[in-house]
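A closer look at the structure
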Amino acid sequence: MRILVQKFGGSSVADLECMKKVRAKVLAAHEEGYKVVVVLSARYGQTNSLLERAYQWSDEPDLAELDVLLTTGEQESVALFAMLLKDAGIKARSFLGFQIPLISDDAFGNARIDEIDAASLRKALETYDVLVVAGFQGRTRDMRLTTLGRGGSDTSAVALAAALGEGTLCDIYTDVDGVYTTDPRLCKDAHKVDRISYDEMLEMASMGAKVLQIRSVEIAEKYNVPVRVRSTFSNDPGTLLTKEDSMMESVLVSGIAFDKDQARVTLCDVRDRPGIAASIFSPLGEAGIVVDMIIQTASRDGVTDMAFTVSRKDLKRTLDTLGKANVECSHIESAQNISKVSVVGVGMRNHSGAAGRVFNALYKAGVNLIMISTSEVKISCLVDDADLELAVNVLHKEFNL
Ligand code: ASP
Ligand code: MG
């Protein structure tokens, strides 16, 4: 049995006309001889409007009940789409997450998949040619409904492909025709890449190139699921996400990612003594605030400055938490008008000189660097919001993308 998982996002199933285009993709795969597992998101805007409704009803909606509400978005999609398939003479049925079952933990609103028993799907594929599965949802072991975090249908699709076993392909359909070297809205030379490694995609996705939910890429890498990102509205082969190979390593940089959702906090004149970093970052960790770049300046006269970045939405909570923690420092500054730009490439693992080229190119363009951080496959710089577009374009050019 050759199985193909095809995932379609909200804009692909927005209305009847879109769903008919999706049906054509599914029929084509069926005609090629695949048994198809279609994973759908809620119709465009539906999840947001359900969320909005919940917040009209309650200032602090119960998280478990919120998930019961949100899962209806995907339930609507799969029911409507299964009807369309049946009208085209296809043997199809819908599956909700709990019917598979897709078992998750009980972190309502952002649950993690524990286990998928794919036996029920395999069995159903003996009778049906297409299964239409609701993305984004699962259930706990004690039968409460859960959702997998915004964009979670990507993760459902890749996890289902992994559970269905080796050789299962996973196509993620969206409204762009693949993964780009950077955002075409910011850089007119941006272009689609044919292949990208899991590690590069993780960096691109985690830094604002929001084509795929990050968790779906982690699962794809862990279970070595080949994933193609492609468009519902064209026949482009899209971008293949795959294991790193020697051809990829010979390319130094494969993309420029950026993230405008950055805020910087600086604690000035922090007493330089053991335990001080812990006294700052432990309370933030306990408050569930994700800290990104951290810089501690060299000590002078027993004091240092400590700067770090958080997501803008977390800035107020960060300042509140630090206020309560009574950190030994003279004062705390913060700024929101900053962005992060990153060059990403597995080639940087084995080749030196990338950092120098990044700094030099930005210097020549007159872009000031506020903070710098690096990993094996990326170099990130924090810049002023006003410099972001220039920085992206300069780096795109510097690395001949
Ligand atoms: N409908 C959910 C959302 O809007 C899940 C998804 O689309 O992947 O986040
Ligand atoms: Mg999405």
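Our subject is the structure listed above.
Read on for an overview of the structure.

**Looking at the overall build of the protein**
From N to C terminus, the protein includes twelve helices and 18 strands. Relative to the 2.2 N^0.38 estimate, which gives 21 Å for 401 residues, the radius of gyration of the protein is 23 Å and therefore close to what a compact globule would have. With the principal axes as the frame, the protein shows a C-alpha extent of 80 × 50 × 35 Å. When burial is assessed residue by residue, the protein has 49% of its 401 residues classed as buried. As displayed, the protein offers around 18600 Å² of accessible surface, 49% of which is attributable to carbon and sulfur atoms. Positive and negative side-chain charges of the protein, numbering 45 and 56 respectively, have mean locations separated by a distance of 4 Å.

**Some words on the pairing of strand β15 (residues 303-310)**
Most of β15 sits out of view: six of its eight residues are buried. Taken together, the seven bridges between strand β13 (residues 255-271) and β15 define a ladder with antiparallel strand orientation. If you follow Val-270 over to β15, its bridge partner there is Thr-304. Sheet topology note: the strand β14 (residues 291-296)/β15 ladder contains four bridges and is antiparallel. Residue pairing in the sheet places Val-291 in a bridge with Val-310 of β15. In this structure, the hairpin formed by β14 and β15 is closed by a connection of six residues, where Asp-301 is found at a positive phi of approximately 50°.

**Quick look at the side chain of Glu-203**
Here Glu-203 shows up in helix α6 (residues 198-206). Glu-203 sits in the buried class, given a relative accessible area of 14%. Discounting chain neighbours no more than four positions away, the residues touching Glu-203 are Val-344, Ser-375, Val-377 and Lys-378.

**Digging into the packing of helix α11 (residues 354-364) against helix α12 (residues 388-398)**
Geometry of a packed helix pair, given as the angle between the helix axes and the separation of the axes. Their axes nearest at 10 Å, the elements α11 and α12 cross at an angle of 130°. As far as their axial angle goes, α12 and α11 are oblique. Considering the relative orientation of α11 and α12, their crossing is right-handed. Every residue of α12 that contacts α11 at Arg-357, Val-358, Ala-361 and Leu-362 is listed here: Ala-391, Val-394, Leu-395 and Glu-398. Across the contact of α11 with α12, the residue classes break down as six nonpolar, no polar and two charged.

**Topic: the site of ligand 1**
Within the structure, ligand 1 sits among Ser-41, Ala-42, Thr-47, Glu-74, Phe-136, Arg-150, Gly-151, Gly-152 and Ser-153. In this structure, Arg-150 approaches ligand 1 through a side-chain N or O atom, which is 2.7 Å from an oxygen atom. Backbone polar atom of Ser-153 to an oxygen atom of ligand 1: 3.0 Å apart, as the coordinates give it. Summarising the interface, the protein chains cover 86% of the accessible area of ligand 1, which totals 260 Å² for the free molecule. Across the shell around ligand 1, the residue classes break down as two nonpolar, five polar and two charged.

**Some points on the nonpolar core**
Across soluble globular proteins, nonpolar side chains have a tendency to be buried as a group. Of all hydrophobic cores here, the largest spans 40 residues; its most connected members are Cys-170 and Leu-241. If one sorts the elements of this core by residue count, helix α5 (residues 152-164) sits on top with six residues. Setting aside chain neighbours within four positions, we find Cys-170 in contact with Val-5, Ala-157, Val-158, Ala-161, Val-225, Pro-226, Val-227 and Arg-228. Membership of the second largest hydrophobic core comes to 24 residues, among which are Val-253, Ala-354, Cys-381 and Leu-401.

**Things to note about the pattern of salt bridges**
The tally for this structure, following the rule as stated, stands at 26 salt bridges. One salt bridge in this structure joins Lys-35 and Asp-129, with 3.0 Å as the shortest N-O distance. Of this pair, Lys-35 sits in strand β2 (residues 35-40) while Asp-129 sits in the loop between α4 (119-127) and β6 (130-134), and the two are 94 residues apart along the sequence. Residues Lys-35 and Asp-129 agree in their burial class; the two are buried. One salt bridge in this structure joins Asp-292 and Lys-340, with 2.4 Å as the shortest N-O distance. Of the two residues, Asp-292 is situated in strand β14 and Lys-340 in strand β16 (residues 331-344); the sequence distance between them amounts to 48 residues. Connected through salt bridges with shared partners, the residues Asp-199, Glu-244, Arg-349 and Glu-376 form a single ionic network.

**Thoughts on the layout of surface pockets**
Counted as a void, the second largest pocket has a volume near 350 Å³. Surrounding the second largest pocket, 16 residues form its lining, Ile-113, Ala-159, Ile-219, Lys-222 and Tyr-223 being those nearest its centre. Elements with a minimum of two residues in the lining of the second largest pocket: β5 (113-116), α5 and α7 (214-223). Top element by residues in the lining of the second largest pocket is α7. It accounts for five residues. For the lining of the second largest pocket, the per-class residue count stands at nine nonpolar, one polar and six charged.

**Details of the sheet that holds β15**
Taken together, six strands build an open sheet; the order of strands is β14-β15-β13-β16-β18-β17 and the sheet is antiparallel. Pairing within the sheet leaves two strands with one partner each, and these edge strands are β14 and β17 (371-375). Put simply, the sheet's adjacent strands are angled 30° from each other on average, direction ignored. Relative to strand β18 (residues 378-384), β16 is paired through seven bridges, and the arrangement is antiparallel. Counted as the bridge partner of Ile-338 is Asp-384 from β18. Together, β16, β17 and β18 form the strand contacts of α11, whose direction differs from that of β18 by roughly 20°. Sheet strands in contact with α12 are β13, β16 and β18, and its direction is about 25° off that of β16.

Analysis parameters
Residues numbered from 1 in each chain as written. Chains lettered and ligands numbered in written order. Predicted model: local features only at pLDDT ≥ 70, side-chain atom pairs only at ≥ 80, totals over all residues. Heavy atoms only, no water. Helix = DSSP H or I, 4+ residues; strand = E, 2+ residues; numbered from the N terminus. Rg over C-alpha atoms; globule rule 2.2 N^0.38 Å. Buried < 20%, exposed > 50% of the residue type's maximum accessible area, 1.4 Å probe, protein only. Areas by Shrake-Rupley, 256 points an atom, 1.4 Å probe, with all protein chains shown as cover. Lys, Arg positive; Asp, Glu negative; His and termini not counted. Charge placed at Lys NZ, Arg CZ, Asp CG, Glu CD. Pairing = 2+ DSSP bridges. Contact = heavy atoms within 4.5 Å. Axes fitted to C-alpha atoms, helices over the stretch in contact; angles between N-to-C directions. Parallel < 35°, antiparallel > 145°, perpendicular 65-115°, else oblique. Left-handed = near helix turned anticlockwise from the far one by under 90°. Nonpolar A, V, L, I, M, F, W, Y, C, P; charged D, E, K, R; others polar. Near = heavy atom within 4 Å. Polar contact = N/O pair within 3.5 Å; in protein donor to acceptor, adjacent residues only side chain to side chain. Core = buried A, V, L, I, M, F, W, Y, C linked by side-chain atoms within 4.5 Å. Salt bridge = Lys/Arg side-chain N within 4 Å of Asp/Glu carboxyl O. 1 Å grid on protein atoms, 1.4 Å probe; cavity = no way out; pocket = protein on both sides within 12 Å on 5 of 7 lines; lining within 4 Å. Points joined across faces, edges and corners; volume = space filled by probe spheres on them.

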